[in-house]
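# Structure at a glance
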Amino acid sequence: MTLKLSDIVLTYPDGDRTLTALDHVDLTVEQGEFTAVVGPSGSGKSSLLAVAATLISPASGTVSVAGHEVSGASPDFRTRIRRDHIGIVFQQPNLLASLTTLDQLLVMAHLAGRSVREAAVRARELLLAMDLAGKEHKRPHQLSGGERQRVNIARALMNSPEVLLVDEPTSALDHHRGEQIVSLLAELTRENGLATVMVTHDLATLAMVNAVLTMTDGKLTPAPPPPSPDASRPRPDHAASSGKHRS
Ligand code: ADP
Ligand code: MG
């Protein structure tokens, strides 16, 4: 199992009480599987991604990433797992303003101690795949919102992760651009055998994922959100190809 969260409880201090952000959450995502998490604001979706990303440790429960047990591991170990096995795409493309597109990607390889030559080849391949050829030397302010989000995704894929965690990738984009980004994520998931979890508000894009989970008050259930336009139904061919919960 590429990503497995079992019985996760996450609490935050809240004055003199504690707030339960994740309430006995289980989540399993296999290679090549694209799972969406929907749910109201404040229900715990970003907290779930932060736990899966090994950025915060839960009060209880276990997290396993690409076969590595992360729960209870040292911060150094978790950093290494994150760097080598997890790609993270946050809501806002937090690109470094002074860096060119190419350098945004090369920094990631540098942090992982990879050779510059190898990294440059990987970066150019990714930029080509993201339809960003010709944008290598542009800085973020010279790119459109959709292009910035694609750089963000390319950067997350730079170290060839097995797990891709994406938080509301379309919130800053118009509908058409948003759909293109999710379609790209679906293709990347399939072709690279990624285990992808995407938090989204955009019900129209749910047609492109394999499974839809709903977060409500820190509880994650396979039930889809209340009735929504046709597009929220997964495609039948996906539904037939895997044994997971469906909407
Ligand atoms: P979502 O992404 O679904 O909007 P979050 O995971 O961001 O939800 O938040 C879940 C709950 O935890 C909310 O009530 C939020 O206010 C709270 N919360 C999130 N992050 C923190 C934090 N760092 N400290 C305290 N409370 C937090
Ligand atoms: Mg959030």
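What you see is a predicted model, and the numbers here were worked out from it, not measured in a lab. (Residues numbered from 1 in each chain as written. Chains lettered and ligands numbered in written order. Predicted model: local features only at pLDDT ≥ 70, side-chain atom pairs only at ≥ 80, totals over all residues. Heavy atoms only, no water.)

## A word on the sheet that holds strand S2 (residues 17–29)
One open sheet holds the 4 strands; their spatial order is S2-S1-S4-S5, and the pairing between them is antiparallel. One side of each edge strand has no neighbouring strand; the edge strands of this open sheet are S2 and strand S5 (68–69). Bridging between strand S1 (residues 3–14) and S2 involves 10 bridges; their strand directions are antiparallel. Paired with proline 13 across the bridge in S2 is threonine 18. Across the sheet, helix H1 (residues 45–52) lies against S1, S2 and strand S4 (60–65), angled at about 120 degrees from S1, the strand it touches most. (Pairing = 2+ DSSP bridges. Helix = DSSP H or I, 4+ residues; strand = E, 2+ residues; numbered from the N terminus. Contact = heavy atoms within 4.5 Å. Axes fitted to C-alpha atoms, helices over the stretch in contact; angles between N-to-C directions.)

## Looking at helix H4 (residues 116–129)
With 14 residues, H4 ought to run about 20 Å at 1.5 Å a step, and its terminal C-alpha atoms sit 20 Å apart, in line with that. Looking only at H4, the buried set comprises Ala119, Arg122, Ala123, Leu126 and Leu127. Buried residues of H4 fall within an arc of 130 degrees about the axis and therefore sit on the same side. Exposed side of H4, more than 90 degrees from the buried face: Arg117 and Leu128 are the residues found there. Tucked into the core, H4 has its buried residues touching helix H3 (101–111) and helix H5 (145–157). Aspartate 131, located one to two residues past H4, shows a positive phi value of around 60 degrees. (Expected span 1.5 Å × (residues − 1). Buried < 20%, exposed > 50% of the residue type's maximum accessible area, 1.4 Å probe, protein only. Arc of directions from axis to C-beta.)

## Thoughts on the nonpolar core
With 36 residues, the main nonpolar core has Leu105, Met130, Ile153, Leu157, Leu164, Leu185 and Met198 as its most contacted residues. Sorting the residues of this core by element identifies strand S3 (33–38), H3, H4, H5, strand S7 (163–167) and helix H6 (175–192) as the ones contributing at least two each. Residue contributions to this core peak at 6 residues, all from H6. Membership of the second largest hydrophobic core comes to 28 residues, among which are Ile8, Leu10, Val163 and Val197. (Core = buried A, V, L, I, M, F, W, Y, C linked by side-chain atoms within 4.5 Å.)

## Re the sheet that holds S7
Reading across from one edge, S6-S7-S8-S3-S9-S10 is the order of the 6 strands in this open sheet, with mixed pairing throughout. Each end of this open sheet is capped by a strand with a single partner; those strands are strand S6 (86–89) and strand S10 (219–221). In this sheet, neighbouring strand axes are inclined to one another by 20 degrees on average, regardless of whether the strands run parallel or antiparallel. The strands touched by H5 within the sheet are S6 and S7, with S6 carrying the most contacts at an inclination of about 165 degrees. Helix-sheet contacts for H6 involve S3, S7 and strand S8 (195–199), and the interaxial angle to S3 is about 140 degrees.

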